[in-house]
Amino acid sequence: MKVTVVTAAQSQAGHRSVIIECIMAKYLVTGAAGFIGSSLVRALLERGEQVRGIDNFSTGKRENLTEVLHRMDFREADILDLDAMHQACDGVDYVLHQAAIPSVPKSVIDPLGSNRANVDGTVNVLIAARDAKVKRVVYAASSSAYGDTPTLPKHEAMSPNPISPYAVAKLASELYMVSFYRCYGLETVCLRYFNIFGPRQDPSSPYSGVLAKFSMQMLRGEQPTIFGDGETSRDFTFIDNAVSANLLACVAPAAECAGRVFNCATGRRITLNETFAALKPLTGYKGAAKYGPERSGDIKHSLADITLAQKHLGYKVLVNFEDGLRRTVEWYKSQGQPVAV
Ligand code: UD2
């Protein structure tokens, strides 16, 4: 719904009436200019939803929203700013909370910064959502919460065992989500993302996700470094699966999902060596990988049991690893990245 507002102050001042068109947002995406946030924004707009987005551009990029910016209500704001969050949540039905500093190694270097963005920021989002009587908050939780427990696959009933400050922060935020459901009745759903990848994931930072980083390096003909022996494994999950999990988490009956935590993954794990091998034909990279020391805070294996999300959210894996990887590399190529010769 569009509402036209003429402010009293502007009329009294005798200026030509300034008309502000406020789009009554139904969805608020925090971290809207990030890789996952901007994918959610596009999916919601495609469905004809009204979308508001906020981002402070700490890791998000304006370019991620370029061609959709005019169709949404975008505000440059920080989740640490409670006033801005109250304004952002006003009139909103669903909050998809993606804003974070999403990096294990960065949190090892700067645990306080990680805690501020990933915990304090979440509490602000929750307070604002509660005060605005938002219907539901869906949270970008992380598989890192499981830590290095030897049991595979990881299922939601397992005790968490976080290793890095990032994992601790993400888990603390999950607990806050559940707490706000229990204490205030605010419906919250946590999606534990398992290594989401796809178009628009930033490949250029030392903290970038491994698939984005390797894709770009190999397209450029640069040698990627595998930390460890290459047998580290991840349940790499293509972005479309995460988008669909978020949309399902908004509409699933409260009795099925409110105050609960769900894995968001594919139920299959791929090693870094296999990843590198799969990327070679896609990128045209002919060389070998370099091997370096394991990264501090890392876990060795990650694989999800996705039964709970299938049962309660109606979640399905829409795109498998191979198709997702091909689409990801195609996207980087379409952005004019040089191809390895
Ligand atoms: C964690 C979470 C993930 C998400 C993410 C946020 C786990 C299992 N996953 O991802 O769900 O929350 O944090 O960023 O905790 N690597 C290399 N070479 C490189 C870069 C990375 O070998 O140049 C390795 C890295 O050491 C790790 C693997 O690739 O073993 C994946 O690293 P990542 O940074 O892509 O993601 P990860 O697993 O820390």
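Quick caveat, the model's predicted, so the values are computed rather than measured.

**Notes on the pattern of salt bridges**
Piece 1. All told, the structure shown has 17 salt bridges when counted by the stated rule.
Piece 2. A salt bridge links Arg 62 to Glu 76, with the nearest nitrogen and oxygen atoms 3.3 Å apart. Of the two residues, Arg 62 is situated in the loop between β4 (51-55) and β5 (73-76) and Glu 76 in strand β5; the sequence distance between them amounts to 14 residues.
Piece 3. A residue is classified by how much of its surface remains accessible, and Arg 62, at 41% relative accessible area, is partly exposed.

**Side note on the packing of aromatic side chains**
Piece 1. Under the criterion given, the structure shown has nine aromatic pairs.
Piece 2. Ring centres of Phe 197 and Phe 238 lie 5.6 Å apart, and the angle between their planes is 65°; on these two criteria the pair is classed as edge-to-face. Within this pair, whereas Phe 197 is found in strand β9 (residues 196-197), its partner Phe 238 is found in strand β12 (residues 237-238), the two being separated by 41 residues in sequence. In this pair, the class of Phe 197 matches that of Phe 238, namely buried.
Piece 3. An aromatic cluster of three or more residues is present, and its members are Phe 197, Phe 236, Phe 238 and Phe 321.
Piece 4. When the ring centre of Tyr 184 is taken as origin, the NZ or CZ atom of Arg 130, which lies over that ring, is 4.7 Å away.
Piece 5. Here the guanidinium or amino end of Arg 192 rests over the ring plane of Tyr 146, the centre of that ring lying 4.6 Å away.

Thresholds, definitions, all that
- Residues numbered from 1 in each chain as written.
- Predicted model: local features only at pLDDT ≥ 70, side-chain atom pairs only at ≥ 80, totals over all residues.
- Heavy atoms only, no water.
- Salt bridge = Lys/Arg side-chain N within 4 Å of Asp/Glu carboxyl O.
- Helix = DSSP H or I, 4+ residues; strand = E, 2+ residues; numbered from the N terminus.
- Buried < 20%, exposed > 50% of the residue type's maximum accessible area, 1.4 Å probe, protein only.
- Phe/Tyr/Trp six-rings, centres within 6.5 Å; stacked < 30°, edge-to-face > 60°.
- Lys NZ or Arg CZ within 6 Å of the ring centre and 35° of its normal.

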